[in-house]
Each structure stands twice: as C-alpha cells, then as structure tokens.
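An overview of the molecular structure
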Amino acid sequence: MARYFKEQDIDEFRECFYLFARSGQITSLDELTVVMRSLGMSPTIQELAGYLKGKGGKMSFADFLEVMHIHSRAENLPNEVVNAFKAGDAEKSGVIPARQLRNLLQNWGEGLSAREVDNIFREANVGNNSTVHYEDFVKIACAPVPDYY
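As a starting point, this report considers the structure included with it. On a predicted model such as this, the values are computed, not experimentally measured, just so you know.

The rules behind each value
- Residues numbered from 1 in each chain as written.
- Predicted model: local features only at pLDDT ≥ 70, side-chain atom pairs only at ≥ 80, totals over all residues.
- Heavy atoms only, no water.
- Helix = DSSP H or I, 4+ residues; strand = E, 2+ residues; numbered from the N terminus.
- Buried < 20%, exposed > 50% of the residue type's maximum accessible area, 1.4 Å probe, protein only.
- Polar contact = N/O pair within 3.5 Å; in protein donor to acceptor, adjacent residues only side chain to side chain.
- Contact = heavy atoms within 4.5 Å.
- 1 Å grid on protein atoms, 1.4 Å probe; cavity = no way out; pocket = protein on both sides within 12 Å on 5 of 7 lines; lining within 4 Å.
- Points joined across faces, edges and corners; volume = space filled by probe spheres on them.
- Nonpolar A, V, L, I, M, F, W, Y, C, P; charged D, E, K, R; others polar.
- Expected span 1.5 Å × (residues − 1).
- Arc of directions from axis to C-beta.
- Patch = residues over 30% accessible without salt bridge, like charges linked within 9 Å, V, L, I, M, F, W, Y side chains within 5 Å.
- Areas by Shrake-Rupley, 256 points an atom, 1.4 Å probe, with all protein chains shown as cover.
- Salt bridge = Lys/Arg side-chain N within 4 Å of Asp/Glu carboxyl O.
- Axes fitted to C-alpha atoms, helices over the stretch in contact; angles between N-to-C directions.
- Parallel < 35°, antiparallel > 145°, perpendicular 65-115°, else oblique.
- Left-handed = near helix turned anticlockwise from the far one by under 90°.
- Core = buried A, V, L, I, M, F, W, Y, C linked by side-chain atoms within 4.5 Å.
- Phe/Tyr/Trp six-rings, centres within 6.5 Å; stacked < 30°, edge-to-face > 60°.

This part takes up the side chain of His71. The residue His71 is located in helix α4 (residues 61–75) in this model. Note on His71: relative accessible area 1%, which makes it buried. A distance of 2.8 Å separates polar atoms of two side chains, one belonging to His71 and the other to Tyr51. Non-local contacts of His71, meaning those with residues more than four positions away in its chain, are made with Met36, Met41, Ser42, Pro43, Glu47 and Tyr51.

Structure, rendered in structure tokens:
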C-alpha cells in the first residue's frame with residue numbers, strides 16, 4: 001500500500017527540515033536523527049546512516065522527502081503484519097496458539113531457526129503451550145532495537 005503525504009504533512013516536514021538543517025541541507029547523522037525523530041519517526045542509527053550514505057552524505061529537502069516516504073513504509077510494517085494475522089483469524093479472537101505461531105515463524109518466508117524463535121518468545125514472554133495476542137506480539141517483535149551511540 002503506497003502512502004502519500006498530504007500537503008500539510010509536507011509543510012510540517014519542510015519547516016522541521018529547515019529548522020535543523022540551517023545550511024539548507026542535512027550533512028550529518030545528528031541532523032538527520034533530530035529531524036526524523038522530531039517528526040515522530042523512530043529509525044535506527046543503521047537506517048539513518050544508510051539513508052545519509054545513499055544520498056552521498058548530503059540531503060536536500062527533496063532527498064529528505066524521498067527518505068521519509070521510504071521510511072514511513074518501513075514503519076507501517078507492523079500494521080501489515082497484524083492485518084495478515086487478522087486475515088487468518090476466522091473466529092476474530094485476536095489470538096493464535098504459540099505452536100502455530102512457532103510453525104509460521106520457522107517455515108514461512110526466510111524462516112527463523114528454533115533458537116531464534118525461542119529468543120523471540122522469551123523476549124515476548126510467550127510460553128510454548130500458551131496462546132498469543134498477535135497484536136501485542138507484533139508490537140514487541142517489530143520494535144526497533146534501542147540505539148546506543
């Protein structure tokens with residue numbers, strides 16, 4: 001699903017961009033971090049570094065808008081995952097058996113190892129014989145890893 005920004009969003013982005021990028025361009029990781037986080041995004045340091053490197057270390061407002069578009073799609077991923085769970089939830093119960101979730105995580109797409117699933121379940125406080133509220137699980141599983149820099 002493509003996301004298009006409204007004119008008022010773009011105006012807000014422009015105002016914030018020029019507030020922090022006084023030279024008219026973003027030229028540092030710190031500037032990009034402050035601007036994106038001020039606009040409610042939560043990119044990781046690795047994502048930010050990749051965006052800046054992809055633009056040759058300098059970012060005009062047009063470049064920044066492109067990055068915001070790309071990143072807003074990435075941050076929408078949890079909603080898409082929840083919608084996929086809802087589509088498979090015939091009873092509309094909001095839960096999935098942990099065993100079924102483990103099977104999905106290990107056997108669909110790239111497939112996680114049993115150890116990786118164990119680590120995710122431990123982080124999300126999921127027991128192997130329990131049922132999982134998939135909206136809560138997705139929030140935990142898709143949360144960005146904290147940056148320490």
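Next up on the list: the side chain of Ser72. Its place among the elements puts Ser72 in helix α4. A polar contact of 3.0 Å, which involves the side chain of Ser72, links it to the backbone oxygen of His69.

The calculated volume of the largest pocket comes to roughly 450 Å³. Taken together, 17 residues line the largest pocket, and the ones lying closest to its centre are Val81, Phe85, Leu104, Leu105 and Trp108. Grouping the amino acids of the lining of the largest pocket by side-chain chemistry returns 14 nonpolar, 2 polar and 1 charged.

Below, the discussion takes up α4. Over its 15 residues, α4 extends 20 Å from the first C-alpha to the last, a length consistent with the 21 Å expected when each residue adds 1.5 Å. Within α4 the residues assigned to the buried category are Phe61, Phe64, Val67, Met68, His71 and Ser72. Down the axis of α4, the buried side of the element spans an arc of 135°, and every buried residue falls inside it.

So, on to a nonpolar patch on the surface. Together, Leu19, Phe20 and Val34 line one region of the surface with nonpolar side chains, adding up to about 230 Å² of accessible area. With respect to the element layout, Phe20 can be found in helix α1 (residues 7–20).

Right, let's talk about unusual backbone geometry for a bit. In terms of backbone geometry, most residues other than glycine have negative phi values and most peptide bonds are trans. Residues other than glycine seldom take positive phi values, yet Lys92 does so here, at roughly 55°. Of note, Lys92 is situated in the loop between α5 (77–87) and β1 (95–97). Overall, Lys92 belongs to the exposed group, its relative accessible area being 62%. Even without being glycine, Asn125 reaches a positive phi, approximately 60°. The topology assignment puts Asn125 in the loop between α7 (114–123) and β2 (131–133).

With that settled, the discussion passes to the packing of helix α2 (residues 29–38) against helix α3 (residues 45–54). Axis separation between α2 and α3 bottoms out at 10 Å; the angle between their running directions is 115°. The orientation of α2 with respect to α3, classified from their angle, is roughly perpendicular. For the pair α2 and α3, the crossing hand works out as right-handed. Contacts between α2 and α3 pair Leu29, Leu32, Thr33, Met36 and Arg37 from the former with Ile45, Leu48, Ala49, Tyr51 and Leu52 from the latter. Grouping the constituent residues of the contact of α2 with α3 by class yields 8 nonpolar, 1 polar and 1 charged.

Right, let's get into the nonpolar core. If you look at the biggest cluster of nonpolar residues, it comprises 20 residues, and the most contacted ones within it are Ile26, Leu32, Met36, Met59, Phe64 and Met68. If we ignore the near neighbours within four places in the chain, the residues touching Met59 are Phe17, Gly24, Gln25, Ile26, Leu32, Tyr51, Leu52, Phe64 and Val67. Ranked by size, the runner-up nonpolar core spans 13 residues in total, among them Phe85, Leu101, Val117 and Val138.

A complete count under the given rule lists 8 aromatic pairs for this structure. For the ring pair Phe61 and Phe64, a centre distance of 6.4 Å and an interplane angle of 35° mean the geometry is tilted. Here the residue Phe61 and the residue Phe64 both occupy positions in helix α4, the gap between them amounting to 3 residues, near one helical turn. Among the residues examined, Phe61 registers a relative accessible area of 10% and is labelled buried. With 5.2 Å between their ring centres and 15° between their planes, Phe85 and Tyr134 make a pair best called stacked.

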